[in-house]
Amino acid sequence: MAIARASETVEERCRRQAANAQRTATARASENTEERCRRQAADAQRISNSSNICYESDPLIAIGRMTLECNFCQVLRWKGESPGMCCSNGKIRLHSLQAPPEHLYTLLTADYSDAVHFQDNVRKYNACFQMTSFGSTKEIREAGFMPTFKVQGQVYHRIGSLQPLRNEEPKFLQIYFVGDKDKQIEQRCRNISNTRPSIVSQIQDMLHQHNSYVKSFKYAMEKMSPELKVVIYADKTPSGQHERRYNAPETSEVAIILAGDKQGSGDISLELRSNRMKKIAETHRAYDALQYPLLFWQGEDGYNFELRQTNPTGEITTKKISAMDFYA
Ligand SMILES: [Zn+2]
């Protein structure tokens, strides 16, 4: 059995484990109180006997290191992962992320106190600046104290209005338009605990300077009124304009329109003040940039790549593809 399991693919292992879990759940559901007590006592006995088992050499647990390298994109993988999973054997080529500006680069790489704290808490710092929030069609709350977060069904990102309702604290995107710089830092540190104002200040300056969404929204805010809304087009620039760029979006991809005007089904529209949260399609160009501003600090499209194809004469052609084309 150990040999059979060691040669299993990831997919096979997941299938087997899911079947096992289902079987166990069915058996336990039909157990009476006496049977349950007997089983728990036997489990406890087994655990106390097994304290000297060497898990590290167990073929089910020891999956080795990431030593296999893809010949096409040089990504490293484990032996259980199939060869084409990274780049479809060279067919897909992702653009590299651009090196961040000096302050963020230093925080990511240096070893002084603030930088180490930043690296240990990088998700918290991203949360200070994310413009969208996380949601799912069904969340499962464990009874009692269980530090487990489970979701079922679909996971998505949501976005609210540009300003909070009166008497509500600004959250996510709304913080970018609060009073002055210091008020924004204070609000971010209040929303996310154990963050250092000096670090938040540096990142905030960087995003106000470089992030095209922040810049576009701030520009739009100066002109906003309740009869208008701001739209981030899903993928394409309006017809007749320049061809779509694949790096930082142009300001024309964020536009102000009349609240009653029609928009594309995948476009994101933001009202000045509202309590409506809107779902963002995962194929929207801004999906990643709005949620992970520390990765996409310029507001770059999160999901676009080049498809490399070899035609019958042996010539290699590359074609730029966005998330929309990919899912279409
Ligand atoms: Zn690859």
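Presented here is an overview of the structure given in this document. These numbers come from a predicted model, not from an experiment. (Residues numbered from 1 in each chain as written. Predicted model: local features only at pLDDT ≥ 70, side-chain atom pairs only at ≥ 80, totals over all residues.)

1. Quick word on the sheet that holds strand S6 (residues 228-232)
Reading across the sheet, the 3 strands line up as S7-S6-S8 and stay open at both edges, with antiparallel pairing between neighbours. Single-partner strands in this sheet number two, and they are strand S7 (254-258) and strand S8 (268-271). Across the sheet, the axes of successive neighbouring strands diverge by a mean angle of 30°, strand direction being ignored. One ladder, built from 4 bridges, connects S6 with S8; its direction is antiparallel. The residue of S8 that forms the bridge with Lys229 is Glu271. Helix H9 (residues 212-221) rests against S6 and S7 of the sheet, and its axis sits at about 30° to S7. (Pairing = 2+ DSSP bridges. Helix = DSSP H or I, 4+ residues; strand = E, 2+ residues; numbered from the N terminus. Axes fitted to C-alpha atoms, helices over the stretch in contact; angles between N-to-C directions. Contact = placed C-beta atoms within 7 Å.)

2. Here we look at the packing of helix H6 (residues 122-129) against helix H8 (residues 197-210)
For the pair H6 and H8, the least separation of the axes is 11 Å and the interaxial angle reads 50°. The angle between the axes of H6 and H8 places the two elements in the oblique class. When the axes of H6 and H8 are compared, the crossing they make is right-handed. Here Tyr125, Cys128 and Phe129 of H6 lie close against H8, whose contacting residues are Ile199, Val200, Ile203 and Leu207. The residue inventory of the contact of H6 with H8, partitioned by class, reads 7 nonpolar, no polar and no charged. (Parallel < 35°, antiparallel > 145°, perpendicular 65-115°, else oblique. Left-handed = near helix turned anticlockwise from the far one by under 90°. Nonpolar A, V, L, I, M, F, W, Y, C, P; charged D, E, K, R; others polar.)

3. Notes on unusual backbone geometry
Notably, Asn89 is not glycine yet its phi reads approximately 50°, a positive angle. Mapped onto the elements of the fold, Asn89 is located in the loop between strand S2 (76-77) and strand S3 (92-94). Even without glycine at this site, Phe172 takes up a positive phi of about 45°. Looking at where Phe172 falls in the secondary structure, it is placed in the loop between strand S5 (150-159) and helix H7 (181-191).

4. Looking at the nonpolar core
Counting residues in each nonpolar core, the largest one holds 37 residues, and the members touching the most others are Ile159, Ile203, Tyr213, Phe217, Ala286 and Leu290. Of all the elements in the fold, those that place two or more residues in this core are H6, H8, H9, S6, S8 and helix H10 (287-291). The biggest single contributor to this core is H8, with 5 residues. If we skip the residues at most four places from it in the chain, Phe217 touches Leu162, Tyr176 and Val230. (Core = buried A, V, L, I, M, F, W, Y, C linked by C-beta atoms within 7 Å. Buried ≥ 20, exposed ≤ 12 C-beta atoms within 10 Å, placed from the backbone.)

5. What about the packing of helix H4 (residues 102-109) against H8?
Contact pair H4 / H8: the axes reach a minimum separation of 9 Å and the direction vectors enclose 140°. As far as their axial angle goes, H8 and H4 are oblique. In contact with His103, Leu104 and Leu107 of H4, H8 contributes Ile199, Gln202, Ile203 and Met206.

6. As for the sheet that holds strand S4 (residues 133-140)
Within the open sheet, the 3 strands sit side by side as S4-S5-S9. Their pairing is antiparallel. A single partner strand is all that each edge strand has here, and the edge strands are S4 and strand S9 (278-280). Across the sheet, the mean angle separating the axes of adjacent strands is 50° when strand polarity is ignored.

7. Observations concerning the environment of Pro101
Relative to the helices and strands, Pro101 resides in the loop between S3 and H4. Pro101 sits 196 residues away from Trp297 along the chain, and the two C-alpha atoms are 9.0 Å apart. Excluding residues that lie within four positions of it along the chain, Pro101 makes contacts with Met206 and His210.

8. Points about the pairing of S5
In the sheet, S4 pairs with S5 via 7 bridges, with the strands oriented antiparallel. Among the inter-strand pairings, Phe134 is bridged to a residue of S5, identified as His157. Across 3 bridges, the pairing between S5 and S9 is antiparallel. Bridged to His157 within S9 is Ile280.

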